[in-house]
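# Observations on chain architecture
Chain by chain, the residues run as shown.
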Amino acid sequence: MTDHTSEQINQTIQESISEKSILFTDKSTSYIDIADYVEIHITEKSNKETTTETLRWVHIAISNAKRNFLGNFHKIKGKYLQLYLNEFVYKLNRRYFEEKLFDRLVIASITGL
C-alpha cells in the first residue's frame, strides 16, 4: 500500500485538477493545503448520515465496480487494476449515450479527441 503524504496529494491535485474546480473531500489531515490549489475546497466528516445520503452514489459506484470486476475478470492482478478501473469509469461515464454513441464515435475519430 502506498503512503500518501500531503506533498504527494498536493502534487496530484496540481497536475490533475483545474484551479477553478470545487473539491469535496473528507476531513483528512493530508488535505491541509488543497484550498491553495482549487477555487473551493469543501470538507465533510464521514458519519452515518453522510454515508447514506451524501456518499450514497459513491458507494453504489464502488459496489458496481467490484461486482463488474468479479463477474468479468474472476482473478484481478494489482498490476492491471488501474486499467480495469479506467475501463469501468469509461463505461460508467457513457452509460446514457445509447443512440448518440455512434455519432460521438465518428466525431471523435474525425477530430482526434
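Please read all numbers here as calculations on a predicted model, not as lab measurements.

### A look at the packing of helix α3 (residues 56-72) against helix α4 (residues 81-93)
For any two helices packed against each other, one specifies the crossing angle of their axes together with the interaxial distance. Viewed as axis vectors pointing N to C, α3 and α4 meet at an angle of 115°, and their least axial separation amounts to 11 Å. Judged by the sense of rotation from one axis to the other, the crossing of α3 with α4 is right-handed. Across from Ala-61, Asn-64, Ala-65, Asn-68 and Phe-69 in α3, the residues of α4 making contact are Leu-81, Tyr-84, Leu-85 and Phe-88. When the residues that make up the contact of α3 with α4 are grouped by side-chain class, the tally is seven nonpolar, two polar and no charged.

### Considerations on the environment of Leu-83
Within the secondary structure, Leu-83 is located in helix α4. Taking the C-alpha atoms as reference, Leu-83 lies 25 Å from Arg-56; in sequence the two are 27 residues apart.

### Overview of the pairing of strand β1 (residues 22-25)
Each regular strand displays side chains that alternate between the two surfaces of the sheet. The two faces of β1 differ: Leu-23 and Thr-25 on one face are buried, but Ile-22 and Phe-24 on the other face are not. The sheet contact formed by β1 and strand β2 (residues 40-43) spans four bridges and is parallel. Bridge assignment links Phe-24 to a residue of β2, and that residue is Ile-42.

### A few points about the nonpolar core
If you look at the biggest cluster of nonpolar residues, it comprises five residues: Ile-9, Ile-13, Leu-23, Ile-34 and Val-38. If sequence neighbours within four positions are ignored, Ile-13 has contacts with Leu-23, Ile-34, Tyr-37 and Val-38.

### What about the environment of Thr-5?
Its location among the elements puts Thr-5 in the segment before α1 (6-16). Separated by 24 residues in sequence, Thr-5 and Thr-29 have C-alpha atoms that sit 9.5 Å apart.

### Brief notes about the packing of aromatic side chains
Counting across every chain of the model gives two aromatic pairs. When the centroid spacing of 6.3 Å and the interplanar angle of 75° are considered together, the rings of Phe-69 and Phe-88 count as edge-to-face. Here Phe-88 lies in helix α4 and Phe-69 lies in helix α3, a separation of 19 residues in the sequence. Per residue, the accessibility class of Phe-69 equals that of Phe-88, and both read buried. Here the aromatic residues Phe-69, Tyr-84 and Phe-88 are joined through ring pairs into a cluster of three or more.

### Some points on the side chain of Asn-10
Structurally, Asn-10 is set in helix α1. Residues within four places of Asn-10 in sequence aside, it is in contact with Asp-33, Ile-34 and Tyr-37.

### Some words on the confidence of the model for the protein chain
Keep in mind that low pLDDT regions are not for reading the predicted coordinates in detail. Residue-level pLDDT values for the protein chain average 81, and 96% of them are 70 or greater. Per-residue pLDDT, averaged within each element of the protein chain, yields its smallest value for helix α2 (residues 48-52) (77) and its largest for β2 (86).

### Things to note about the environment of Ala-65
For Ala-65, the position within the fold is in helix α3. A relative accessible area of 8% means that Ala-65 is categorised as buried. Through-space distance from the C-alpha of Ala-65 to that of Phe-88 is 6.6 Å; in sequence the pair is 23 residues apart.

About the cut-offs
Residues numbered from 1 in each chain as written. Predicted model: local features only at pLDDT ≥ 70, side-chain atom pairs only at ≥ 80, totals over all residues. Heavy atoms only, no water. Axes fitted to C-alpha atoms, helices over the stretch in contact; angles between N-to-C directions. Helix = DSSP H or I, 4+ residues; strand = E, 2+ residues; numbered from the N terminus. Left-handed = near helix turned anticlockwise from the far one by under 90°. Contact = heavy atoms within 4.5 Å. Nonpolar A, V, L, I, M, F, W, Y, C, P; charged D, E, K, R; others polar. Buried < 20%, exposed > 50% of the residue type's maximum accessible area, 1.4 Å probe, protein only. Pairing = 2+ DSSP bridges. Core = buried A, V, L, I, M, F, W, Y, C linked by side-chain atoms within 4.5 Å. Phe/Tyr/Trp six-rings, centres within 6.5 Å; stacked < 30°, edge-to-face > 60°. pLDDT = per-residue confidence, 0-100.

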